[in-house]
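Descriptive structure summary
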Amino acid sequence: MLNARFANWSIRYKLLSLLLLLVMITLAVTGTIAYIKNVTALRENVFNQLTGVTRSKRSQIESYYQTIHNHVSTLSDDRMFVDAMREFRDAYRKVNKAPVRASTLDAVREDYRDNFYPEMQKLNMARHSFQAYLPVTPAAIQLQYLYIVKNQRPGRQRDQLIDPGDGSEYSVVHRKYHVAFRSIVRKFGYYDLYLIDSETERQVYDVNKDRDFATSLAEGPYRDSNLAEVVRQCQAT
């Protein structure tokens, strides 16, 4: 029926109809091509922007770690750090040779069970039991008792404790250097500062007094930690 009507049209209307059809097809094709080109250009633009951002961030991160590396290298040659490392190491070894009182061990165990372990459970990061976090060396138990369990400052404020008042050689050394080291951490925005005995892989000092304070990185709950891995990489270089 449509063919019959079209056949009855004059040549003029037939030509106009065909011309209109060609125009519509041309516009459709042109619009499709333009859309594809725009989408492609947009994708390339976004890709180039993301690539630029990635390069910029990578450069910033590399620069940041290079700055830290240079700072650590500088501090490692500083006389104060050399003396502090020796004095903390010797004091730690003396604490490690002394027997731990049963009451001290019980207090540390109770603190892990009643305070630290419930926090880990809330974060869904808890190991199978609180015993899995307990320090294993006598020095770690004694020093965590003094600087964590008996510390009246909570969490991130533990670094305010300068001297626990036990009269030990370790606490004398701690009082001598802690304020200066804490100032470095705060000034440069570091999370923490560690002094680690390279011979035994024991952490003889840190500023923040987190739960890895005074622990061994060769045995115990932190032997597979990122810090332990960093220490072993440093030893291998």
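The structure displayed is predicted, hence computed values, not measured ones.

Brief notes about the overall build of the chain
Scanning the chain from terminus to terminus reveals seven helices and two strands. Reading the chain from its N terminus to its C terminus gives the helix and strand order α-α-α-α-α-α-β-β-α. Classification of the 237 residues of the chain by burial places 32% in the buried group. Sequence separation of at least 24 residues holds for 55% of the intrachain contacts in the chain that already meet a minimum separation of 6.

A word on the nonpolar core
Formed by 27 residues in total, the largest nonpolar core has its most connected members in Phe88, Leu143, Tyr170, Phe181, Leu193, Leu195 and Tyr205. Excluding anything up to four places from it in sequence, leucine 193 contacts Phe81, Phe181, Ile184, Val185, Tyr205, Asp206 and Val207. By size, the runner-up hydrophobic cluster in this structure holds nine residues, among which are Tyr112, Tyr117, Met120 and Ile141.

Digging into the pairing of strand E1 (residues 194-197)
Bridge analysis of E1 against strand E2 (residues 202-206) gives four bridges, and the strand direction is antiparallel. Each bridged residue has a counterpart across the sheet, and for tyrosine 194 the counterpart in E2 is aspartate 206. Between the end of E1 and the start of E2, which pair antiparallel, lie four residues, with glutamate 201 showing a positive phi angle near 60 degrees.

Considering helix H4 (residues 102-122)
Here H4 spans 30 Å end to end across 21 residues, near enough to the 30 Å set by a 1.5 Å rise per residue. By the largest-angle criterion, tyrosine 112 marks the main kink of H4, which is about 35 degrees. Taken together, the buried positions of H4 are Thr104, Ala107, Val108, Asp111, Tyr112, Phe116, Tyr117 and Met120. Buried positions along H4 lie against helix H5 (138-149). Immediately beyond the C-terminal end of H4, within one or two residues, lies asparagine 124, with a positive phi of roughly 55 degrees.

Observations regarding the pattern of salt bridges
Across all of its chains, the model carries 13 salt bridges by this definition. The salt bridge involving aspartate 197 is made with arginine 93; its shortest N-O contact spans 2.8 Å. Of this pair, aspartate 197 sits in strand E1 while arginine 93 is found in helix H3 (residues 79-97), placing the two residues 104 residues apart along the sequence. For arginine 93, a relative accessible area of 30% corresponds to the partly exposed category. Of the charged contacts, one joins arginine 211 and aspartate 111 as a salt bridge, the two residues approaching to 2.7 Å between their closest N and O atoms. Of this pair, arginine 211 sits in the loop between E2 and helix H7 (226-236) while aspartate 111 sits in helix H4, and the two are 100 residues apart along the sequence. A single burial state applies to arginine 211 and to aspartate 111, both of which are buried. Here the salt bridges do not stand alone but share partners, grouping Arg79, Asp83 and Arg86 into one network.

Comments concerning the side chain of arginine 182
Relative to the helices and strands, arginine 182 is located in helix H6 (residues 169-188). For the buried arginine 182, no salt bridge exists, and the shortest N-O distance to an oppositely charged side chain is 5.0 Å, to aspartate 159. Among all residues touching arginine 182, those that are not within four sequence positions of it are Asp159, Gln160 and Val207.

Quick look at H6
With 20 residues, H6 should reach 28 Å at 1.5 Å per residue; the first-to-last C-alpha distance of 29 Å fits that figure. Along its length, H6 reaches its greatest deviation from straightness, about 45 degrees, at tyrosine 177. Those residues of H6 that fall on the buried side of the exposure criterion are Tyr170, Ser171, Val173, His174, Tyr177, His178, Phe181, Arg182, Ile184 and Val185. Just downstream of H6, glycine 189 is the residue with a positive phi angle, here 70 degrees.

Brief notes about the confidence of the model for the chain
Interpretation of this model should avoid reading the predicted coordinates in detail wherever pLDDT is low. Confidence in the prediction of the chain, expressed as mean pLDDT, is 85, and 78% of residues score 70 or more. Put simply, helix H1 (residues 2-8) is where the chain has its lowest mean pLDDT, 54, and H5 is where it has its highest, 98.

A word on unusual backbone geometry
The phi torsion at asparagine 124 lies on the positive side, around 55 degrees, for a residue other than glycine. The topology assignment puts asparagine 124 in the loop between H4 and H5. Notably, lysine 209 is not glycine yet its phi reads approximately 60 degrees, a positive angle. Mapped onto the elements, lysine 209 comes out in the loop between E2 and H7.

Basis of the calculations
Residues numbered from 1 in each chain as written. Predicted model: local features only at pLDDT ≥ 70, side-chain atom pairs only at ≥ 80, totals over all residues. Heavy atoms only, no water. Helix = DSSP H or I, 4+ residues; strand = E, 2+ residues; numbered from the N terminus. Buried < 20%, exposed > 50% of the residue type's maximum accessible area, 1.4 Å probe, protein only. Contact = heavy atoms within 4.5 Å. Core = buried A, V, L, I, M, F, W, Y, C linked by side-chain atoms within 4.5 Å. Pairing = 2+ DSSP bridges. Expected span 1.5 Å × (residues − 1). Bend = angle between axes of the 7 residues up to and from the residue. Salt bridge = Lys/Arg side-chain N within 4 Å of Asp/Glu carboxyl O. Lys, Arg positive; Asp, Glu negative; His and termini not counted. pLDDT = per-residue confidence, 0-100.

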